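# Chain and residue survey
If you want the building blocks of each chain, they are given just below.
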Amino acid sequence: FGIPEFIDQNNYNSRVPPKYRLPEEMFKIPHNMFLSIATRTGIIGLIAYIYVILTFFIMCFKLMKDGKDAFIKKWGLCILSSGIMFIVKGSFEPIFCHFAELIFFTIFSMATILYRINNSCQPALYKFHV
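On a predicted model such as this, the values are computed, not experimentally measured, just so you know.

This brings us to the state of the cysteines. In total, this model carries zero disulfides according to the counting rule given. This cysteine, C60, is not joined by any disulfide, and C78 carries the nearest cysteine sulfur, 9.7 Å off. C60 gets classed as buried once you look at its relative accessible area, which sits at 0%. Assessed through its relative accessible area of 35%, C78 is described here as partly exposed.

See the structure below:
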């Protein structure tokens, strides 16, 4: 999708009737992260992607609601707001590039680490006294 080595746009356009042809200056990628995932991986990939995002939100809501202390609850809210920011931004513009994906996966990693800290048997692991 959008890579000239795979689909020759000029060859494709020449076989389409003139009134249905794509304009010369056309966007090469969907401007929505969900459409981009659906285009690249199909419906199954989109469902799996939405499942991962819903799992992230469920984890963050559990951290905010059932966190062992204020530290975990506040960080759960921070991570949730970061994830919401990424989802909203990705819903309106192309967001999948190496740097943005690194941030997205870091947000997911932080949520997972915080979730494991909350469920661990050693609650004093994350407390730092300054």
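There is more to say after this.
Mapping F71 onto the fold places it in helix α3 (residues 70-90). Once the C-alpha coordinates of F71 and N118 are considered, the two residues, 47 residues apart in sequence, prove to be 10.0 Å apart.

Quick look at the side chain of N118 now. You can see N118 is positioned in helix α4 (residues 98-119). Under the relative-accessibility criterion, N118 is labelled buried at 7%. A distance of 2.9 Å separates a polar atom in the side chain of N118 from the backbone nitrogen of K68. In this view, N118 contacts L63, D66, G67, K68 and I72; residues no more than four positions away in its chain are not counted.

Let us now look at helix α2 (residues 33-66). Taking 1.5 Å of rise per residue, the 34 residues of α2 would be expected to cover 50 Å, yet its terminal C-alpha atoms sit only 31 Å apart, more than 12% below that figure. Along α2, the helix axis deviates most sharply at T41, where the bend reaches about 130°. Every buried residue of α2 is accounted for by M33, S36, I37, G45, L46, Y49, I53, F56, F57, M59, C60 and L63. The distance from a side-chain oxygen at the start of α2 to the backbone nitrogen of F34 is 2.8 Å, and the residue carrying that oxygen is N32.

What follows deals with the packing of α2 against α4. Axis separation between α2 and α4 bottoms out at 10 Å; the angle between their running directions is 35°. Classified by chirality, the crossing of α4 by α2 is left-handed. Two secondary-structure elements touch here, α2 through M33, Y49, V52, I53, F56, M59, C60, K62, L63 and D66 and α4 through F104, I107, F108, A111, T112, L114, Y115 and N118. Residue composition of the contact of α2 with α4, by class: 14 nonpolar, two polar and two charged.

With that settled, the discussion passes to the pattern of salt bridges. Pairs can form between side chains of opposite charge whenever their charged atoms are close. Under the criterion given, the structure shown has one salt bridge. The salt bridge partner of E93 is K89, with a shortest N-O separation of 2.8 Å.

The rules we used
Residues numbered from 1 in each chain as written. Predicted model: local features only at pLDDT ≥ 70, side-chain atom pairs only at ≥ 80, totals over all residues. Heavy atoms only, no water. Disulfide = S-S within 2.5 Å. Buried < 20%, exposed > 50% of the residue type's maximum accessible area, 1.4 Å probe, protein only. Helix = DSSP H or I, 4+ residues; strand = E, 2+ residues; numbered from the N terminus. Polar contact = N/O pair within 3.5 Å; in protein donor to acceptor, adjacent residues only side chain to side chain. Contact = heavy atoms within 4.5 Å. Expected span 1.5 Å × (residues − 1). Bend = angle between axes of the 7 residues up to and from the residue. Axes fitted to C-alpha atoms, helices over the stretch in contact; angles between N-to-C directions. Left-handed = near helix turned anticlockwise from the far one by under 90°. Nonpolar A, V, L, I, M, F, W, Y, C, P; charged D, E, K, R; others polar. Salt bridge = Lys/Arg side-chain N within 4 Å of Asp/Glu carboxyl O.

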